[in-house]
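# Inside the fold
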Amino acid sequence: MKIGIPKEIKDQEFRVGLTPASVKVCTEAGNEVFIETEAGWGAGFSDSDYLNAGGHILSDTRDVWKCDMIVKVKEPLSSEYEFLKSEQLLFTYLHLAADRKLTKKLIESGVTAIAYETVELSDQRLPLLTPMSIIAGRLSVQFGARFLERQQGGRGVLLGGVPGVTPGKVVILGGGIVGTEAAKIAVGLGAKVKILDINLERLAYLETVFGSRLELLYSSSSAIEAAVADCDLLVGAVLVPGRRSPVLVPKSLVEQMHSGSVIIDVAVDQGGCVETLRPTSHTNPIYQELGVVHYGVPNMPGAVPWTATQALNNSTLPYVLQLANYGSKALDMNPGLAKGLNVKNHVLVHPALREVFPDLN
């Protein structure tokens, strides 16, 4: 199969669909891989690295998109819609629940679109979302600490505090992978941390991980209000696979937050759980509303592309090989991969998306 790796064009998105090491595995399996020139530059991979791995370098992105399968990191943007075609496999993050326009274009094109974030194992784990969730969770506190600095518009709070001064307060909505990883960094910095979740089993598990180093609360509207109103950093870590995130923090609650406090919503690519938060970019990551700093970059792991690209490839490569070897038949052979199918033959396939967009069925 001919596999195409276009250069990502989302703002400051430096990750790349396949590393040179992954390209070598694909070519050794009998496939041809075509990489757009400088596609891997931002992640630390040169055109020469890809050539040495057996890949082919193309200067025109149109030629790359002519391949049988396109492996990307982020969803196609409007300037790439024209390249979508029927009988083509598209394997990437899509997050369609928050993107009606892209959903329509994928249906119209006839492309077979498989989303990393909805590939699901029998135990409900999301193997292709997990590595980026780990990174985004850790980055959320790293970025939160930065934007709490006064020069960045924040309160001027040091999350870890110092002897004689209260440490910063971090509230994390959601105790899944993102929330757990955010808590690890926040606790490590010495902050006072609260995690809220509706899954009591998950809260019990988190107690075995953190012990008494943080506060674990059952999530309710009253508990959220009490915690959020008094925090310095709020991390949104709510995920409902294939669906928009529920709004847990209304504008009225944001109004109660301290001036200069920071909101970072990792689920912004699924709509986000904070009413006042909208998508931003790495170039312009924050804005202030109601005196609160809002950060809504939907591709946070793009800030650490060397790490993120390799972590993602460690998980995606086996699926890429299955698709390259068997085409769409791989979906029948691998139930987990089949869960990732969002669009095929001009039809919206994924059950959750069919509920989100009933008029597009």
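Structure: above.
In this report, we go over the structure that sits alongside the text. (Residues numbered from 1 in each chain as written. Predicted model: local features only at pLDDT ≥ 70, side-chain atom pairs only at ≥ 80, totals over all residues. Heavy atoms only, no water.)

### Overview of the overall build of the protein chain
Within the protein chain, the regular secondary structure consists of 13 helices and 15 strands. In terms of C-alpha radius of gyration, the protein chain reaches 21 Å, essentially the compact-globule figure of 21 Å for 361 residues. With respect to the three principal axes, the spread of C-alpha positions in the protein chain is 65 × 45 × 35 Å. In the protein chain, buried positions account for 54% of the 361 residues. Of the contacts formed within the protein chain by residues at least 6 apart in sequence, a portion of 64% connects residues at least 24 apart. In the structure as shown, the protein chain presents an accessible area of about 15200 Å², 50% of it carried by carbon and sulfur atoms. Within the protein chain, one finds 33 positive and 38 negative side-chain charges whose respective centroids are separated by 1 Å. (Helix = DSSP H or I, 4+ residues; strand = E, 2+ residues; numbered from the N terminus. Rg over C-alpha atoms; globule rule 2.2 N^0.38 Å. Buried < 20%, exposed > 50% of the residue type's maximum accessible area, 1.4 Å probe, protein only. Contact = heavy atoms within 4.5 Å. Areas by Shrake-Rupley, 256 points an atom, 1.4 Å probe, with all protein chains shown as cover. Lys, Arg positive; Asp, Glu negative; His and termini not counted. Charge placed at Lys NZ, Arg CZ, Asp CG, Glu CD.)

### A few points about the pairing of strand β11 (residues 262–265)
On β11, burial covers both faces: V262 and I264 on one face and I263 and D265 on the other are all buried. Where strand β10 (residues 233–236) lies against β11, 4 bridges are found, and the strand directions are parallel. Residue G236 lies in a different strand from β11, and its bridge partner there is D265. Both β11 and strand β13 (residues 292–295) contribute to a ladder of 3 bridges, which runs parallel. Note on β13: the bridge partner recorded for V262 is V293. (Pairing = 2+ DSSP bridges.)

### A word on the sheet that holds strand β15 (residues 347–348)
With mixed pairing, the 8 strands of this open sheet are ordered in space as β3-β2-β1-β4-β5-β6-β14-β15. Every other strand in the sheet has two partners, leaving β3 (56–58) and β15 as the edge strands with one partner each. The strands touched by helix α10 (residues 305–326) within the sheet are β1 (2–5), β4 (69–71), β5 (89–92) and β6 (112–115), with β5 carrying the most contacts at an inclination of about 175°. (Axes fitted to C-alpha atoms, helices over the stretch in contact; angles between N-to-C directions.)

### What about helix α4 (residues 100–109)?
Of all the positions in α4, only L102, T103, L106, I107 and S109 are classed as buried. Each buried residue of α4 sits inside an arc of 165° when the element is viewed along its axis, so together they form one side. Elements that come into contact with the buried residues of α4 comprise β5, β6, β14 (341–344) and β15. Taken from the residues just after α4, G110 is the one with a positive phi, measuring 85°. (Arc of directions from axis to C-beta.)

### Some points on the sheet that holds β13
Backbone hydrogen bonds are what pair the strands of a sheet, in a parallel or an antiparallel way. Pairing is mixed across the open sheet formed by 7 strands, whose spatial order is β9-β8-β7-β10-β11-β13-β12. Whereas interior strands pair on both sides, the edge strands pair on one side only; in this sheet they are β9 (215–218) and β12 (286–289). Direction aside, neighbouring strands of the sheet carry axes that sit 20° apart on average. Across 5 bridges, the pairing between strand β7 (residues 169–173) and strand β8 (residues 192–197) is parallel. The partner of L173 across the bridge, within β8, is L196. Where helix α6 (residues 177–189) meets the sheet, it contacts β7, β8 and β10, and its direction lies at approximately 170° from that of β8. Packing against the sheet, helix α7 (residues 200–210) makes contact with β8 and β9, and its axis sits at approximately 175° to β9.

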